[in-house]
Amino acid sequence: MPFSDGEISHFSMLRRQKIFNMIQRDRPEIIAVDNIFELAADRSELLSLMERLPDGVKLVQVTGGLHPEPLVRLARKHGIPVDPENPNDEAEACARLADLG
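Residues numbered from 1 in each chain as written. Predicted model: local features only at pLDDT ≥ 70, side-chain atom pairs only at ≥ 80, totals over all residues. Heavy atoms only, no water.

Thoughts on the overall build of the chain
So, point 1. Within the chain one finds four helices and four strands.
So, point 2. For the chain, the C-alpha radius of gyration of 13 Å lies close to 13 Å, the compact-globule estimate for 101 residues.
So, point 3. The principal-axis extents of the C-alpha atoms in the chain amount to approximately 35 × 30 × 25 Å.
So, point 4. Per-residue burial over the chain gives 28% buried out of 101 residues.
So, point 5. When contacts within the chain are restricted to residue pairs at least 6 apart in sequence, those whose partners lie at least 24 apart make up 50%.
So, point 6. Working note: accessible area of the chain is about 7,100 Å², and carbon and sulfur atoms make up 48% of it.
So, point 7. Taken together, the 12 basic and 17 acidic charged side chains of the chain have centroids lying 3 Å from each other. (Helix = DSSP H or I, 4+ residues; strand = E, 2+ residues; numbered from the N terminus. Rg over C-alpha atoms; globule rule 2.2 N^0.38 Å. Buried < 20%, exposed > 50% of the residue type's maximum accessible area, 1.4 Å probe, protein only. Contact = heavy atoms within 4.5 Å. Areas by Shrake-Rupley, 256 points an atom, 1.4 Å probe, with all protein chains shown as cover. Lys, Arg positive; Asp, Glu negative; His and termini not counted. Charge placed at Lys NZ, Arg CZ, Asp CG, Glu CD.)

Now the structure itself:
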């Protein structure tokens with residue numbers, strides 16, 4: 001879900017190659033996810049994926065950190081409404097949380 005200057009575009013069921021094409025084209029500052037292993041099956045695949053990212057693009061797991069929290073709880077704590085049954089809501093919450101830092 002691209003999020004730029006407050007504008008959001010929704011996509012669903014994108015293949016990994018389509019996502020990489022979008023990353024190469026749009027050069028986002030941050031790719032925000034709630035679980036990095038949704039992008040890769042294991043650590044080796046994750047490292048390979050990260051090596052393919054353009055310079056300056058950060059991959060952020062918004063639920064991580066010193067005290068990991070579930071996405072829904074973290075989003076609500078920051079006033080971001082999220083329906084845990086709606087993948088678009090979850091993706092938007094990740095984007096907004098990353099935007100908050």
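Considering the confidence of the model for the chain
So, point 1. For the chain, the mean per-residue pLDDT works out to 87, and 94% of the residues sit at or above 70.
So, point 2. Averaged pLDDT values over the elements of the chain bottom out at 59 in strand 1 (residues 3-4) and peak at 94 in helix 3 (residues 71-77). (pLDDT = per-residue confidence, 0-100.)

Some remarks on helix 4 (residues 87-100)
So, point 1. A rise of 1.5 Å per residue sets the reference length of helix 4, with its 14 residues, at 20 Å; its end C-alpha atoms lie 20 Å apart and thus fit the reference within 8%.
So, point 2. Within helix 4, burial applies to Ala 93, Cys 94, Ala 95, Leu 97 and Ala 98.
So, point 3. For helix 4, the N-terminal cap is Asn 86; the gap from its side-chain oxygen to the backbone nitrogen of Asn 88 is 2.8 Å.
So, point 4. Looking one or two residues past helix 4, Gly 101 carries a phi angle of roughly 95 degrees, positive in sign. (Expected span 1.5 Å × (residues − 1). Polar contact = N/O pair within 3.5 Å; in protein donor to acceptor, adjacent residues only side chain to side chain.)

Looking at the environment of Asp 89
So, point 1. Inspection of the secondary structure assignment puts Asp 89 in helix 4.
So, point 2. When the C-alpha atoms of Asp 89 and Val 72 are compared, they prove to be 9.9 Å apart, with 17 residues separating the residues in sequence.
So, point 3. In this structure Asp 89 touches Val 82 and Asp 83, once residues within four positions along its chain are discounted.
So, point 4. At 2.9 Å, the side chain of Asp 89 forms a polar contact with the backbone nitrogen of Asp 83.

With respect to the pattern of salt bridges
So, point 1. Per the stated rule, a full pass over the model turns up four salt bridges.
So, point 2. The salt bridge involving Glu 45 is made with Arg 16; its shortest N-O contact spans 2.6 Å. With a gap of 29 residues between them, Glu 45 in helix 2 (residues 43-51) and Arg 16 in helix 1 (residues 16-26) connect regions that are remote in the sequence.
So, point 3. A relative accessible area of 26% means that Glu 45 is categorised as partly exposed.
So, point 4. Owing to a relative accessible area of 38%, Arg 16 belongs among the partly exposed residues under this scheme.
So, point 5. The partner of Asp 26 in a salt bridge is Arg 25, with the nearest N and O atoms 2.9 Å apart.
So, point 6. The exposure class assigned to Arg 25 is exposed, which follows from its relative accessible area of 55%. (Salt bridge = Lys/Arg side-chain N within 4 Å of Asp/Glu carboxyl O.)

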